[in-house]
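# Breakdown of the fold
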Amino acid sequence: ALRENINTLSIHATCSVLAENAWTMRPPRVADGFGLVFLDPPYKDVNDTVRLADLLGRLSHALSAEGVIVLRYELGLLRDFPGDLVPGLVVADRREIGRMGLMLFALPPTPAVDGER
């Protein structure tokens, strides 16, 4: 479905779809980083918060400055996931849709330089 949406929107040049093992993947380096990363690891494995924090930490290095990592999980599994387990990322939002939960992770905002708003 994702590839079909990319085709429908004619955004091939700016999209990469990597279908790999979430726990062992190493994202490729791209010039400006990824703007959006979707993670849908096996639900039964998501409770391993150390493993999940490691995965998110590896992916944080591949994000663009305004990029977002979207983690999909079954409700009830990650309600108390401590966002501070992942250095370099903040929990930007949480959503619940039916039996599915989404956590959105982003890089922390950079402090404004004197004279900037």
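Scroll up to find the structure this text is about.
None of these values were measured; they are calculated from a predicted model.

Reading the values: rules and limits
- Residues numbered from 1 in each chain as written.
- Predicted model: local features only at pLDDT ≥ 70, side-chain atom pairs only at ≥ 80, totals over all residues.
- Heavy atoms only, no water.
- Helix = DSSP H or I, 4+ residues; strand = E, 2+ residues; numbered from the N terminus.
- Buried < 20%, exposed > 50% of the residue type's maximum accessible area, 1.4 Å probe, protein only.
- Contact = heavy atoms within 4.5 Å.
- Areas by Shrake-Rupley, 256 points an atom, 1.4 Å probe, with all protein chains shown as cover.
- Expected span 1.5 Å × (residues − 1).
- Pairing = 2+ DSSP bridges.
- Axes fitted to C-alpha atoms, helices over the stretch in contact; angles between N-to-C directions.
- Core = buried A, V, L, I, M, F, W, Y, C linked by side-chain atoms within 4.5 Å.

### Some remarks on the overall build of the chain
Along the chain, the regular secondary structure elements total two helices and four strands. From first element to last, N terminus to C terminus, the chain shows the α and β order α-β-α-β-β-β. The buried share of the chain, taken over its 117 residues, is 32%. Residue pairs at least 24 apart in sequence account for 60% of intrachain contacts in the chain once pairs closer than 6 positions are excluded. When the accessible surface of the chain is summed, it comes to about 8,000 Å², and 53% of that surface belongs to carbon and sulfur atoms.

### Brief notes about the environment of Val50
In this structure, Val50 sits in helix 2 (residues 49-60). Sequence separation between Val50 and Val86 is 36 residues, and the spatial gap between their C-alpha atoms is 9.2 Å.

### Side note on helix 2
A rise of 1.5 Å per residue sets the reference length of helix 2, with its twelve residues, at 16 Å; its end C-alpha atoms lie 16 Å apart and thus fit the reference within 8%. Within the span of helix 2, buried status applies to Leu52, Ala53, Leu55, Leu56, Gly57, Arg58, Leu59 and Ser60. Of the surrounding elements, those touching the buried residues of helix 2 are strand 1 (34-39), strand 2 (63-74) and strand 4 (100-106).

### Regarding the sheet that holds strand 4
Taken together, four strands build an open sheet; the order of strands is 1-2-4-3 and the sheet is mixed. Edge positions in the sheet fall to strand 1 and strand 3 (90-97), since each of these pairs with one other strand and no more. Within this sheet the neighbouring strands show an average axis-to-axis angle of 15 degrees, counted without direction. In this sheet, strand 4 lies alongside strand 2 in antiparallel orientation, the contact comprising seven bridges. Bridge pairing links Leu71 to Met103 in strand 4.

### Focus on the nonpolar core
In terms of nonpolar packing, the biggest core is built from 21 residues, with Leu39, Leu56 and Ile69 touching the most fellow members. Considering every element that reaches this core, the biggest residue donor is helix 2, with five residues. Not counting chain neighbours up to four residues away, the residues in contact with Ile69 comprise Val37, Leu39, Leu56, Leu59, Ser60, Leu63, Leu89, Met103, Leu104 and Phe105.

### As for the environment of Glu96
Among the structural elements, Glu96 can be located in strand 3. Glu96 sits in the exposed class, given a relative accessible area of 52%. The spatial distance from the C-alpha of Glu96 to the C-alpha of Tyr73 is 9.7 Å, given a sequence separation of 23 residues.

### What about the side chain of Ser64?
If you trace the backbone, Ser64 turns up in strand 2. Ser64 sits in the buried class, given a relative accessible area of 14%. Beyond its immediate sequence surroundings of up to four residues, Ser64 is in contact with Asp32, Gly33, Phe34, Gly35 and Leu107.

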